[in-house]
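Below are the chains, spelled out letter by letter.
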Amino acid sequence: MIFTQNHIDQLFEQARNAYPEECCGLLSGTHDQVRDVHPAANISAGDKTKTFEIDAKVRFDLIAQTGERSVLGLYHSHPTGSPYPSETDKSMVYEPELIWVILTLEEIKAFRFIEAKQDFEEIPIQVNLKA
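Criteria and cut-off values
- Residues numbered from 1 in each chain as written.
- Predicted model: local features only at pLDDT ≥ 70, side-chain atom pairs only at ≥ 80, totals over all residues.
- Heavy atoms only, no water.
- Helix = DSSP H or I, 4+ residues; strand = E, 2+ residues; numbered from the N terminus.
- Rg over C-alpha atoms; globule rule 2.2 N^0.38 Å.
- Contact = heavy atoms within 4.5 Å.
- Areas by Shrake-Rupley, 256 points an atom, 1.4 Å probe, with all protein chains shown as cover.
- Lys, Arg positive; Asp, Glu negative; His and termini not counted.
- Charge placed at Lys NZ, Arg CZ, Asp CG, Glu CD.
- Buried < 20%, exposed > 50% of the residue type's maximum accessible area, 1.4 Å probe, protein only.
- Polar contact = N/O pair within 3.5 Å; in protein donor to acceptor, adjacent residues only side chain to side chain.
- 1 Å grid on protein atoms, 1.4 Å probe; cavity = no way out; pocket = protein on both sides within 12 Å on 5 of 7 lines; lining within 4 Å.
- Points joined across faces, edges and corners; volume = space filled by probe spheres on them.
- Nonpolar A, V, L, I, M, F, W, Y, C, P; charged D, E, K, R; others polar.
- Pairing = 2+ DSSP bridges.
- pLDDT = per-residue confidence, 0-100.
- Expected span 1.5 Å × (residues − 1).
- Arc of directions from axis to C-beta.

## Overview of the overall build of the chain
Each helix and strand counted, the chain has 3 helices and 8 strands in total. Reading the secondary structure of the chain in the N-to-C direction produces β-α-β-β-α-β-α-β-β-β-β. Radius of gyration (C-alpha) of the chain: 14 Å, near the 14 Å computed for a compact globule of 131 residues. Taken over the C-alpha atoms alone, the chain extends approximately 35 × 35 × 30 Å along its principal axes. Within the chain, counting contacts between residues at least 6 apart in sequence, those at least 24 apart form 61% of the total. On the chain, roughly 7,300 Å² of surface is accessible, and the fraction owed to carbon and sulfur atoms is 50%. Counting 12 positive and 21 negative side-chain charges, the chain places the averaged centre of each group 4 Å from the other.

Written out as structure tokens, the structure is:
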């Protein structure tokens, strides 16, 4: 997964601003190159410090602007946890082709869901200094 430093900075800023709740949103681009970060309201009906739900309007707007294939993945924070998928995360995989990016206030990781294993596998993050 390839990000610019600006994307990484945006994600950490969102995590800090949402704390103690989870931040969330979508990532768009092509192949594994992130083009844009699309923040979303966390509309979870549950405890937002431990769960997230991306506002569907963000997804609909993104698809209307760029097409379905531009959605690379989603991101959310674990404000007091680790940047690894939780059991709750595993139960929320409805689109296994999407990349999951999980961050804390200090660390960020990316994952693909492997359907055959019914589990996540970490993938490397590359940060380009220029856009």
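## Let's talk about the environment of D55
Note on placement: D55 falls in the loop between strand 3 (33-40) and helix 2 (56-66). Under the relative-accessibility criterion, D55 is labelled partly exposed at 25%. Setting aside its immediate chain neighbours within four residues, D55 contacts A40, A41 and I43. A distance of 3.0 Å separates a polar atom in the side chain of D55 from the backbone nitrogen of K57.

## As for unusual backbone geometry
Put simply, Y19 and P20 share a cis peptide bond, and its omega is 15 degrees. Its location among the elements puts P20 in the loop between helix 1 (5-18) and strand 2 (24-30). The backbone phi angle of H31 is positive, close to 55 degrees, even though this residue is not glycine. Along the chain, H31 falls in the loop between strand 2 and strand 3. What makes H31 exposed here is its relative accessible area of 73%. Positioned with a positive phi, Q118 is a non-glycine residue whose angle comes to about 55 degrees. Looking at where Q118 falls in the secondary structure, it is placed in the loop between strand 6 (108-114) and strand 7 (119-123).

## Some points on the layout of surface pockets
Approximately 350 Å³ is the volume found for the largest pocket. As for the largest pocket, its lining consists of 14 residues, of which I54, L74, M92, Y94 and E95 are closest to the centre. A per-class count over the lining of the largest pocket returns 10 nonpolar, no polar and 4 charged. Its boundaries defined by the atoms lining it, the second largest pocket holds a volume of some 150 Å³. If you trace the second largest pocket, you find it lined by E22, T49, K50, T51, H78, P79, T80, G81, S82, S86 and T88. Here the residues of the lining of the second largest pocket are counted per class, giving 1 nonpolar, 8 polar and 2 charged.

## A word on the pairing of strand 7
Relative to strand 7, strand 6 is paired through 5 bridges, and the arrangement is antiparallel. Counterpart to A110 in the pairing with strand 7 is I123. Where strand 6 folds back on strand 7, the antiparallel hairpin that results is connected by 4 residues, among which Q118 adopts a positive phi of roughly 55 degrees.

## Quick look at the confidence of the model for the chain
Mean pLDDT over the chain stands at 94; residues scoring 70 or higher make up 98%. Mean pLDDT per element in the chain: helix 2 is the minimum at 90, and strand 5 (residues 99-103) is the maximum at 98.

## Some words on helix 1
Between the first and last C-alpha of helix 1 there are 20 Å, a value that for 14 residues agrees with the 20 Å anticipated at 1.5 Å per step. Within the sequence span of helix 1, burial applies to H7, I8, L11, F12, Q14 and A15. In an axial view of helix 1, the angular spread of the buried residues amounts to 155 degrees, which keeps them on one side of the axis.

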